[in-house]
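Given next are the chains, with one letter for each unit.
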Amino acid sequence: MEIPHDSSWCWRRILDHRELAKKRIGVILGDGNSVADFIVDGKWEFPVFMDDAANEVVLQPSKAEFNVIEEDQLIWKRIKTRYKLLKWGVIQDASCVFCNAEIETEDHIFHDCMVTSQIWKGIVLKLGFIRNLESRWDGEIKWALTNFSGDNPISMVHKLALNGFIYHAWRERNQRIFCSQFNSADQIGILVIQDVKYKMAASVHKVEDKAQNRWFMNRWKVDCIFKKTEYIECTWLGLEEDEIMINTDGSKREDSGGCGSILRDHDGDVLSAVSGGSLPLTVMDHELQGVEMGMQGVISLHKPKAHLAIDSKEVYHLFTRPGSKPPWRCLHIWRRIKKLKNTFSSLKVSHCYKETNRAADFLASLHPIVPWVEIRFDEFTTDFREILAADKLQKVILRKKSSSS
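Figured I'd write up the structure that's included with this text. (Residues numbered from 1 in each chain as written. Predicted model: local features only at pLDDT ≥ 70, side-chain atom pairs only at ≥ 80, totals over all residues. Heavy atoms only, no water.)

Inspection of the entire model under this criterion finds 12 aromatic pairs. Plain terms: the ring middles of Phe319 and Trp334 are 5.1 Å apart, the flat faces sit at 85° to each other, and that makes the pair edge-to-face. Here Phe319, found in helix H12 (residues 313-320), pairs with Trp334, found in helix H13 (residues 331-341); they are 15 residues apart in sequence, far enough to count as distant. Note on Trp334: relative accessible area 6%, which makes it buried. Of the aromatic side chains, those joined through ring pairs into one cluster are Phe110, Trp120, Trp137 and Phe165. (Phe/Tyr/Trp six-rings, centres within 6.5 Å; stacked < 30°, edge-to-face > 60°. Helix = DSSP H or I, 4+ residues; strand = E, 2+ residues; numbered from the N terminus. Buried < 20%, exposed > 50% of the residue type's maximum accessible area, 1.4 Å probe, protein only.)

With mixed pairing, six strands are arranged side by side in an open sheet as E10-E9-E6-E7-E8-E11. In this open sheet, the two strands that pair with only one neighbour each are strand E10 (346-351) and strand E11 (373-374). In the sheet, strand E9 (residues 305-310) pairs with E10 via six bridges, with the strands oriented parallel. Note on E10: the bridge partner recorded for His307 is Lys348. Its contacts with the sheet place H12 against E9 and E10, and it is angled at close to 145° to E10. (Pairing = 2+ DSSP bridges. Contact = heavy atoms within 4.5 Å. Axes fitted to C-alpha atoms, helices over the stretch in contact; angles between N-to-C directions.)

On to helix H10 (residues 211-219). Turning to H10, its buried residues are Asn213, Phe216 and Met217. Within H10, the buried residues cover an arc of 95° as seen down the axis, which keeps them to one side. Those residues of H10 that are exposed and angled more than 90 degrees off the buried face are Ala211 and Asn218. Those residues of H10 that are buried lie in contact with helix H8 (153-179), strand E3 (206-208) and strand E4 (225-227). (Arc of directions from axis to C-beta.)

A surface patch of nonpolar side chains, amounting to about 310 Å² of accessible area, comprises Tyr231, Val396 and Leu398. Take Tyr231: it is sitting in strand E5 (residues 231-234). The class of Tyr231 is partly exposed, set by a relative accessible area of 47%. (Patch = residues over 30% accessible without salt bridge, like charges linked within 9 Å, V, L, I, M, F, W, Y side chains within 5 Å. Areas by Shrake-Rupley, 256 points an atom, 1.4 Å probe, with all protein chains shown as cover. Salt bridge = Lys/Arg side-chain N within 4 Å of Asp/Glu carboxyl O.)

Turning next to the environment of Pro153. Here Pro153 shows up in helix H8. Residue Pro153 is classed as buried on the basis of its relative accessible area of 11%. Spatially, the C-alpha atom of Pro153 lies 8.8 Å from that of Cys224, the residues being 71 residues apart in sequence. Beyond its immediate sequence surroundings of up to four residues, Pro153 is in contact with Met200, His205, Lys206, Val207 and Met217.

Another aspect to go through is the pattern of salt bridges. Pairing between side chains becomes possible if they bear opposite charge and their charged atoms approach one another. Tallied over the entire structure, the rule returns 21 salt bridges. Among the salt bridges present, the one from Glu243 reaches Lys348, with a minimum N-O distance of 3.1 Å. Here Lys348 lies in strand E10 and Glu243 lies in the loop between E5 and strand E6 (244-252), a separation of 105 residues in the sequence. Classification of Glu243 as buried rests on a relative accessible area of 4%.

Further remarks concern H12. Inspection of H12 places Val315, Leu318 and Phe319 among the buried residues, and these make up the whole buried set. Seen from one end, H12 has its buried residues packed into an arc of 95°, which puts them on one side.

Given below as C-alpha coordinates:
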(Lines give C-alpha, C1' and ligand atoms only; values in the text may rest on other atoms or scores of the structure.)
Protein backbone atom coordinates (compact mmCIF):
# COMPACT_ATOMS: atom_id res chain seq x y z
CA MET A 1 0.00 0.00 0.00
CA GLU A 2 1.38 3.38 -1.01
CA ILE A 3 1.36 6.26 1.44
CA PRO A 4 -1.36 8.79 0.50
CA HIS A 5 0.10 12.18 -0.48
CA ASP A 6 -2.47 14.09 1.54
CA SER A 7 -1.61 12.28 4.81
CA SER A 8 -0.43 14.25 7.82
CA TRP A 9 3.23 14.19 8.74
CA CYS A 10 2.50 12.06 11.82
CA TRP A 11 0.50 9.48 9.84
CA ARG A 12 3.19 9.29 7.12
CA ARG A 13 5.82 8.59 9.81
CA ILE A 14 3.69 5.78 11.22
CA LEU A 15 3.22 4.20 7.79
CA ASP A 16 6.94 4.52 7.08
CA HIS A 17 7.62 2.20 10.01
CA ARG A 18 5.14 -0.55 9.12
CA GLU A 19 7.83 -3.15 8.46
CA LEU A 20 9.49 -2.43 11.78
CA ALA A 21 6.14 -2.61 13.59
CA LYS A 22 5.30 -6.00 12.06
CA LYS A 23 8.22 -7.53 13.92
CA ARG A 24 6.83 -6.31 17.24
CA ILE A 25 3.18 -7.27 16.78
CA GLY A 26 1.79 -10.01 19.02
CA VAL A 27 -1.40 -12.02 18.80
CA ILE A 28 -3.90 -12.62 21.60
CA LEU A 29 -5.83 -15.84 21.26
CA GLY A 30 -9.37 -14.96 22.26
CA ASP A 31 -11.60 -11.93 21.77
CA GLY A 32 -12.89 -13.26 18.47
CA ASN A 33 -10.11 -15.74 17.71
CA SER A 34 -10.16 -19.25 19.18
CA VAL A 35 -7.14 -21.45 19.73
CA ALA A 36 -8.41 -23.58 16.86
CA ASP A 37 -7.70 -20.69 14.46
CA PHE A 38 -3.99 -21.04 15.22
CA ILE A 39 -3.69 -24.86 15.20
CA VAL A 40 -3.42 -26.74 11.91
CA ASP A 41 -2.86 -30.52 11.83
CA GLY A 42 -2.14 -30.46 15.57
CA LYS A 43 0.59 -27.81 15.25
CA TRP A 44 0.77 -24.08 15.90
CA GLU A 45 0.43 -21.88 12.82
CA PHE A 46 0.94 -18.15 13.32
CA PRO A 47 0.87 -15.17 10.95
CA VAL A 48 3.91 -15.09 8.66
CA PHE A 49 5.36 -11.97 10.23
CA MET A 50 5.47 -13.73 13.62
CA ASP A 51 7.25 -16.92 12.58
CA ASP A 52 10.73 -16.09 13.88
CA ALA A 53 9.60 -14.61 17.17
CA ALA A 54 6.92 -17.22 17.82
CA ASN A 55 9.29 -20.18 17.61
CA GLU A 56 11.01 -19.13 20.82
CA VAL A 57 7.96 -17.76 22.62
CA VAL A 58 5.70 -20.80 22.16
CA LEU A 59 8.30 -23.41 23.03
CA GLN A 60 6.54 -24.24 26.31
CA PRO A 61 2.91 -23.37 25.42
CA SER A 62 3.14 -25.56 22.31
CA LYS A 63 3.50 -28.61 24.57
CA ALA A 64 0.18 -27.84 26.27
CA GLU A 65 -3.06 -29.57 25.33
CA PHE A 66 -5.83 -27.16 24.35
CA ASN A 67 -9.49 -27.83 23.87
CA VAL A 68 -10.07 -26.35 20.42
CA ILE A 69 -13.82 -26.28 21.04
CA GLU A 70 -13.77 -24.33 24.29
CA GLU A 71 -12.80 -20.67 24.50
CA ASP A 72 -9.20 -21.22 25.60
CA GLN A 73 -7.06 -18.11 25.73
CA LEU A 74 -3.30 -17.70 25.58
CA ILE A 75 -1.79 -14.30 26.30
CA TRP A 76 1.89 -13.28 26.36
CA LYS A 77 2.65 -10.13 28.30
CA ARG A 78 6.13 -8.67 28.61
CA ILE A 79 7.20 -5.18 29.51
CA LYS A 80 9.54 -3.43 27.10
CA THR A 81 12.68 -3.05 29.22
CA ARG A 82 15.68 -1.08 27.97
CA TYR A 83 17.53 -4.37 27.50
CA LYS A 84 14.89 -5.48 24.95
CA LEU A 85 14.82 -2.08 23.26
CA LEU A 86 18.61 -2.26 22.92
CA LYS A 87 18.39 -5.67 21.24
CA TRP A 88 15.81 -4.29 18.83
CA GLY A 89 18.08 -1.39 17.96
CA VAL A 90 15.68 1.25 19.29
CA ILE A 91 18.10 2.69 21.89
CA GLN A 92 21.87 2.72 22.41
CA ASP A 93 22.05 2.61 26.22
CA ALA A 94 20.26 -0.06 28.30
CA SER A 95 21.52 0.90 31.76
CA CYS A 96 19.05 1.10 34.66
CA VAL A 97 17.74 4.64 35.19
CA PHE A 98 17.60 4.09 38.97
CA CYS A 99 21.14 2.93 39.73
CA ASN A 100 22.99 3.34 36.39
CA ALA A 101 25.00 0.28 37.41
CA GLU A 102 23.40 -2.64 35.56
CA ILE A 103 21.42 -3.45 32.42
CA GLU A 104 17.68 -2.84 32.86
CA THR A 105 15.91 -6.20 32.75
CA GLU A 106 12.69 -7.25 34.47
CA ASP A 107 14.68 -9.05 37.19
CA HIS A 108 16.86 -6.01 37.72
CA ILE A 109 14.31 -3.23 37.77
CA PHE A 110 11.97 -4.99 40.24
CA HIS A 111 14.43 -7.07 42.25
CA ASP A 112 18.18 -6.57 41.80
CA CYS A 113 18.36 -2.78 41.59
CA MET A 114 19.65 -1.31 44.85
CA VAL A 115 17.02 1.45 44.70
CA THR A 116 13.83 -0.48 43.90
CA SER A 117 14.80 -3.49 46.03
CA GLN A 118 15.02 -1.20 49.06
CA ILE A 119 11.54 0.11 48.26
CA TRP A 120 10.14 -3.43 48.05
CA LYS A 121 11.94 -4.51 51.23
CA GLY A 122 10.35 -1.57 53.05
CA ILE A 123 6.88 -2.47 51.76
CA VAL A 124 7.31 -6.13 52.73
CA LEU A 125 8.41 -5.05 56.22
CA LYS A 126 5.42 -2.73 56.53
CA LEU A 127 3.21 -5.69 55.59
CA GLY A 128 4.59 -7.49 58.64
CA PHE A 129 7.02 -9.92 56.99
CA ILE A 130 10.59 -10.08 58.26
CA ARG A 131 12.53 -11.95 55.61
CA ASN A 132 15.23 -11.87 52.97
CA LEU A 133 14.15 -11.48 49.36
CA GLU A 134 14.20 -14.46 47.00
CA SER A 135 17.15 -14.78 44.62
CA ARG A 136 15.06 -13.83 41.55
CA TRP A 137 11.98 -11.75 40.82
CA ASP A 138 10.09 -14.85 39.64
CA GLY A 139 10.76 -16.40 43.04
CA GLU A 140 9.51 -13.27 44.77
CA ILE A 141 6.28 -13.42 42.78
CA LYS A 142 5.80 -17.08 43.73
CA TRP A 143 6.33 -16.17 47.39
CA ALA A 144 3.73 -13.41 47.08
CA LEU A 145 1.22 -15.77 45.44
CA THR A 146 1.58 -18.11 48.41
CA ASN A 147 1.50 -15.49 51.18
CA PHE A 148 -0.91 -12.96 49.70
CA SER A 149 -3.69 -15.44 48.92
CA GLY A 150 -7.22 -14.95 50.23
CA ASP A 151 -10.09 -12.53 49.73
CA ASN A 152 -10.18 -10.81 53.12
CA PRO A 153 -9.28 -7.12 53.59
CA ILE A 154 -5.77 -7.89 54.87
CA SER A 155 -5.01 -10.03 51.81
CA MET A 156 -6.37 -7.20 49.69
CA VAL A 157 -3.83 -4.80 51.24
CA HIS A 158 -1.06 -7.33 50.48
CA LYS A 159 -2.06 -7.57 46.81
CA LEU A 160 -2.55 -3.82 46.39
CA ALA A 161 0.89 -3.20 47.89
CA LEU A 162 2.51 -5.56 45.36
CA ASN A 163 0.57 -4.04 42.47
CA GLY A 164 1.37 -0.54 43.69
CA PHE A 165 5.08 -1.28 43.90
CA ILE A 166 5.21 -2.61 40.33
CA TYR A 167 3.13 0.28 39.01
CA HIS A 168 5.05 3.07 40.75
CA ALA A 169 8.47 1.57 40.03
CA TRP A 170 7.65 1.41 36.32
CA ARG A 171 5.98 4.84 36.39
CA GLU A 172 9.03 6.39 38.05
CA ARG A 173 11.25 4.74 35.45
CA ASN A 174 9.17 6.31 32.65
CA GLN A 175 9.13 9.71 34.32
CA ARG A 176 12.91 9.70 34.60
CA ILE A 177 13.32 8.75 30.94
CA PHE A 178 10.65 10.86 29.29
CA CYS A 179 10.06 13.77 31.68
CA SER A 180 13.39 14.08 33.53
CA GLN A 181 11.45 14.02 36.81
CA PHE A 182 12.99 12.23 39.78
CA ASN A 183 11.45 10.96 43.01
CA SER A 184 13.47 9.50 45.85
CA ALA A 185 13.00 5.91 47.03
CA ASP A 186 11.14 7.21 50.11
CA GLN A 187 8.78 9.24 47.95
CA ILE A 188 8.02 6.23 45.76
CA GLY A 189 7.30 4.14 48.84
CA ILE A 190 4.92 6.82 50.15
CA LEU A 191 3.08 6.86 46.81
CA VAL A 192 2.57 3.08 47.06
CA ILE A 193 1.20 3.39 50.60
CA GLN A 194 -1.12 6.23 49.60
CA ASP A 195 -2.43 4.21 46.66
CA VAL A 196 -3.27 1.29 48.94
CA LYS A 197 -5.01 3.58 51.43
CA TYR A 198 -7.11 5.37 48.79
CA LYS A 199 -8.15 2.16 47.04
CA MET A 200 -9.13 0.52 50.33
CA ALA A 201 -11.14 3.62 51.24
CA ALA A 202 -13.37 3.09 48.22
CA SER A 203 -15.37 0.36 49.99
CA VAL A 204 -16.35 -0.79 53.48
CA HIS A 205 -14.22 -3.55 54.98
CA LYS A 206 -14.92 -5.85 57.91
CA VAL A 207 -12.23 -7.83 59.72
CA GLU A 208 -12.12 -9.99 62.80
CA ASP A 209 -11.50 -8.01 65.97
CA LYS A 210 -8.00 -9.18 66.88
CA ALA A 211 -5.06 -7.20 68.18
CA GLN A 212 -2.95 -8.27 65.20
CA ASN A 213 -5.61 -7.12 62.72
CA ARG A 214 -6.01 -3.77 64.50
CA TRP A 215 -2.24 -3.27 64.43
CA PHE A 216 -2.05 -4.09 60.72
CA MET A 217 -4.92 -1.83 59.64
CA ASN A 218 -3.67 1.02 61.78
CA ARG A 219 -0.18 0.60 60.31
CA TRP A 220 -1.62 1.03 56.80
CA LYS A 221 -4.09 3.75 57.90
CA VAL A 222 -7.04 1.76 56.57
CA ASP A 223 -10.48 2.41 58.06
CA CYS A 224 -12.53 -0.72 58.65
CA ILE A 225 -15.12 -2.27 60.91
CA PHE A 226 -13.78 -4.71 63.51
CA LYS A 227 -16.22 -7.52 64.22
CA LYS A 228 -16.07 -9.65 67.31
CA THR A 229 -15.95 -13.35 66.58
CA GLU A 230 -19.09 -15.28 67.46
CA TYR A 231 -19.07 -19.01 68.05
CA ILE A 232 -21.60 -21.81 67.78
CA GLU A 233 -21.60 -24.66 70.29
CA CYS A 234 -21.89 -28.01 68.54
CA THR A 235 -21.64 -31.66 69.56
CA TRP A 236 -21.87 -35.06 67.92
CA LEU A 237 -25.53 -35.71 67.12
CA GLY A 238 -27.40 -37.93 69.55
CA LEU A 239 -29.62 -40.87 68.55
CA GLU A 240 -32.78 -42.63 69.45
CA GLU A 241 -32.21 -45.97 71.11
CA ASP A 242 -33.09 -48.15 68.14
CA GLU A 243 -31.16 -46.17 65.54
CA ILE A 244 -27.66 -46.50 64.11
CA MET A 245 -25.70 -43.34 63.38
CA ILE A 246 -23.91 -43.21 60.03
CA ASN A 247 -21.21 -40.56 59.75
CA THR A 248 -19.59 -40.35 56.31
CA ASP A 249 -17.12 -38.15 54.47
CA GLY A 250 -15.04 -38.00 51.29
CA SER A 251 -11.73 -36.43 50.34
CA LYS A 252 -9.62 -35.88 47.25
CA ARG A 253 -5.90 -35.49 46.68
CA GLU A 254 -3.96 -34.91 43.51
CA ASP A 255 -3.20 -38.61 43.04
CA SER A 256 -5.94 -40.41 44.98
CA GLY A 257 -9.44 -40.22 46.40
CA GLY A 258 -10.79 -41.44 49.72
CA CYS A 259 -14.03 -42.01 51.60
CA GLY A 260 -14.92 -43.12 55.08
CA SER A 261 -17.91 -44.23 57.11
CA ILE A 262 -18.34 -45.02 60.77
CA LEU A 263 -21.36 -46.70 62.37
CA ARG A 264 -22.19 -46.15 66.05
CA ASP A 265 -25.08 -47.02 68.37
CA HIS A 266 -27.00 -44.55 70.54
CA ASP A 267 -24.33 -44.85 73.26
CA GLY A 268 -21.59 -43.80 70.85
CA ASP A 269 -19.96 -47.24 70.71
CA VAL A 270 -18.39 -48.12 67.36
CA LEU A 271 -20.06 -50.87 65.36
CA SER A 272 -18.02 -50.49 62.18
CA ALA A 273 -15.30 -48.21 60.80
CA VAL A 274 -14.50 -48.44 57.10
CA SER A 275 -12.12 -46.54 54.84
CA GLY A 276 -12.05 -46.65 51.04
CA GLY A 277 -9.68 -45.53 48.34
CA SER A 278 -9.78 -45.01 44.59
CA LEU A 279 -8.37 -42.94 41.78
CA PRO A 280 -9.09 -39.22 42.19
CA LEU A 281 -12.57 -38.30 40.98
CA THR A 282 -14.63 -35.32 42.13
CA VAL A 283 -15.18 -34.50 45.80
CA MET A 284 -18.89 -35.21 45.29
CA ASP A 285 -18.02 -38.70 43.96
CA HIS A 286 -16.00 -39.51 47.08
CA GLU A 287 -18.66 -38.04 49.39
CA LEU A 288 -21.29 -40.28 47.81
CA GLN A 289 -18.97 -43.28 47.94
CA GLY A 290 -18.77 -42.78 51.70
CA VAL A 291 -22.58 -42.57 51.99
CA GLU A 292 -23.03 -45.75 49.95
CA MET A 293 -20.43 -47.57 52.03
CA GLY A 294 -22.11 -46.51 55.28
CA MET A 295 -25.59 -47.54 54.16
CA GLN A 296 -24.29 -50.94 53.02
CA GLY A 297 -22.70 -51.37 56.44
CA VAL A 298 -26.02 -50.82 58.23
CA ILE A 299 -27.79 -53.25 55.89
CA SER A 300 -25.15 -55.89 56.61
CA LEU A 301 -25.97 -55.53 60.32
CA HIS A 302 -29.67 -56.15 59.54
CA LYS A 303 -30.72 -52.90 61.15
CA PRO A 304 -33.83 -51.22 59.65
CA LYS A 305 -33.40 -47.76 61.19
CA ALA A 306 -30.51 -45.38 60.64
CA HIS A 307 -29.58 -41.73 60.97
CA LEU A 308 -27.19 -40.39 58.31
CA ALA A 309 -25.11 -37.34 59.28
CA ILE A 310 -23.04 -35.64 56.58
CA ASP A 311 -21.10 -32.37 56.50
CA SER A 312 -21.55 -31.83 52.75
CA LYS A 313 -24.50 -29.52 52.07
CA GLU A 314 -24.56 -30.64 48.44
CA VAL A 315 -25.08 -34.28 49.42
CA TYR A 316 -27.54 -33.27 52.16
CA HIS A 317 -29.63 -31.35 49.60
CA LEU A 318 -29.75 -34.43 47.35
CA PHE A 319 -31.61 -36.24 50.12
CA THR A 320 -33.80 -33.39 51.32
CA ARG A 321 -34.69 -31.33 48.23
CA PRO A 322 -37.18 -32.99 45.89
CA GLY A 323 -35.95 -33.13 42.31
CA SER A 324 -32.30 -32.53 43.22
CA LYS A 325 -29.83 -34.36 41.01
CA PRO A 326 -26.07 -34.79 41.33
CA PRO A 327 -23.63 -33.97 38.51
CA TRP A 328 -23.89 -36.56 35.75
CA ARG A 329 -20.49 -38.01 36.70
CA CYS A 330 -21.95 -39.08 40.06
CA LEU A 331 -25.34 -40.19 38.80
CA HIS A 332 -24.54 -43.92 38.83
CA ILE A 333 -23.56 -43.79 42.53
CA TRP A 334 -26.66 -41.77 43.43
CA ARG A 335 -28.91 -44.33 41.71
CA ARG A 336 -27.39 -47.11 43.82
CA ILE A 337 -27.88 -45.04 46.97
CA LYS A 338 -31.56 -44.49 46.17
CA LYS A 339 -32.03 -48.25 45.86
CA LEU A 340 -30.31 -48.81 49.20
CA LYS A 341 -32.52 -46.13 50.78
CA ASN A 342 -35.64 -48.15 49.95
CA THR A 343 -34.42 -51.06 52.13
CA PHE A 344 -34.67 -48.98 55.34
CA SER A 345 -37.84 -48.66 57.33
CA SER A 346 -36.54 -45.31 58.60
CA LEU A 347 -33.64 -43.22 57.37
CA LYS A 348 -33.12 -39.77 58.85
CA VAL A 349 -30.69 -37.44 57.14
CA SER A 350 -29.03 -34.52 58.95
CA HIS A 351 -26.41 -31.97 58.05
CA CYS A 352 -23.66 -31.72 60.65
CA TYR A 353 -20.72 -29.39 61.08
CA LYS A 354 -17.30 -30.64 60.05
CA GLU A 355 -16.15 -30.25 63.66
CA THR A 356 -18.63 -32.96 64.73
CA ASN A 357 -17.79 -35.24 61.80
CA ARG A 358 -14.11 -35.67 62.60
CA ALA A 359 -14.29 -39.47 62.90
CA ALA A 360 -15.54 -39.89 59.32
CA ASP A 361 -13.12 -37.21 58.14
CA PHE A 362 -10.23 -39.17 59.68
CA LEU A 363 -11.27 -42.38 57.90
CA ALA A 364 -11.73 -40.55 54.58
CA SER A 365 -8.20 -39.14 54.86
CA LEU A 366 -6.52 -42.59 54.98
CA HIS A 367 -6.80 -43.24 51.21
CA PRO A 368 -6.07 -47.01 51.23
CA ILE A 369 -5.01 -48.63 47.96
CA VAL A 370 -8.08 -50.91 48.01
CA PRO A 371 -11.75 -50.00 47.40
CA TRP A 372 -12.58 -50.50 51.08
CA VAL A 373 -11.05 -51.89 54.23
CA GLU A 374 -12.55 -52.27 57.68
CA ILE A 375 -10.51 -50.80 60.52
CA ARG A 376 -10.55 -53.07 63.59
CA PHE A 377 -10.80 -51.59 67.07
CA ASP A 378 -7.26 -52.65 67.98
CA GLU A 379 -6.02 -50.75 64.89
CA PHE A 380 -7.48 -47.43 66.01
CA THR A 381 -4.82 -44.77 66.42
CA THR A 382 -4.54 -42.64 69.55
CA ASP A 383 -5.90 -39.59 67.71
CA PHE A 384 -8.87 -41.55 66.38
CA ARG A 385 -9.66 -42.92 69.86
CA GLU A 386 -9.61 -39.39 71.28
CA ILE A 387 -12.10 -38.22 68.63
CA LEU A 388 -14.42 -41.13 69.40
CA ALA A 389 -14.20 -40.52 73.16
CA ALA A 390 -15.04 -36.81 72.72
CA ASP A 391 -18.05 -37.69 70.54
CA LYS A 392 -19.30 -40.26 73.03
CA LEU A 393 -19.11 -37.72 75.87
CA GLN A 394 -20.94 -35.16 73.72
CA LYS A 395 -18.01 -32.78 74.09
CA VAL A 396 -18.93 -29.23 73.12
CA ILE A 397 -16.85 -27.85 70.25
CA LEU A 398 -16.80 -24.15 69.40
CA ARG A 399 -17.27 -23.34 65.73
CA LYS A 400 -16.61 -19.87 64.37
CA LYS A 401 -19.91 -18.41 63.24
CA SER A 402 -20.15 -17.28 59.64
CA SER A 403 -22.92 -15.56 57.72
CA SER A 404 -24.07 -18.96 56.42
CA SER A 405 -23.93 -20.78 59.78
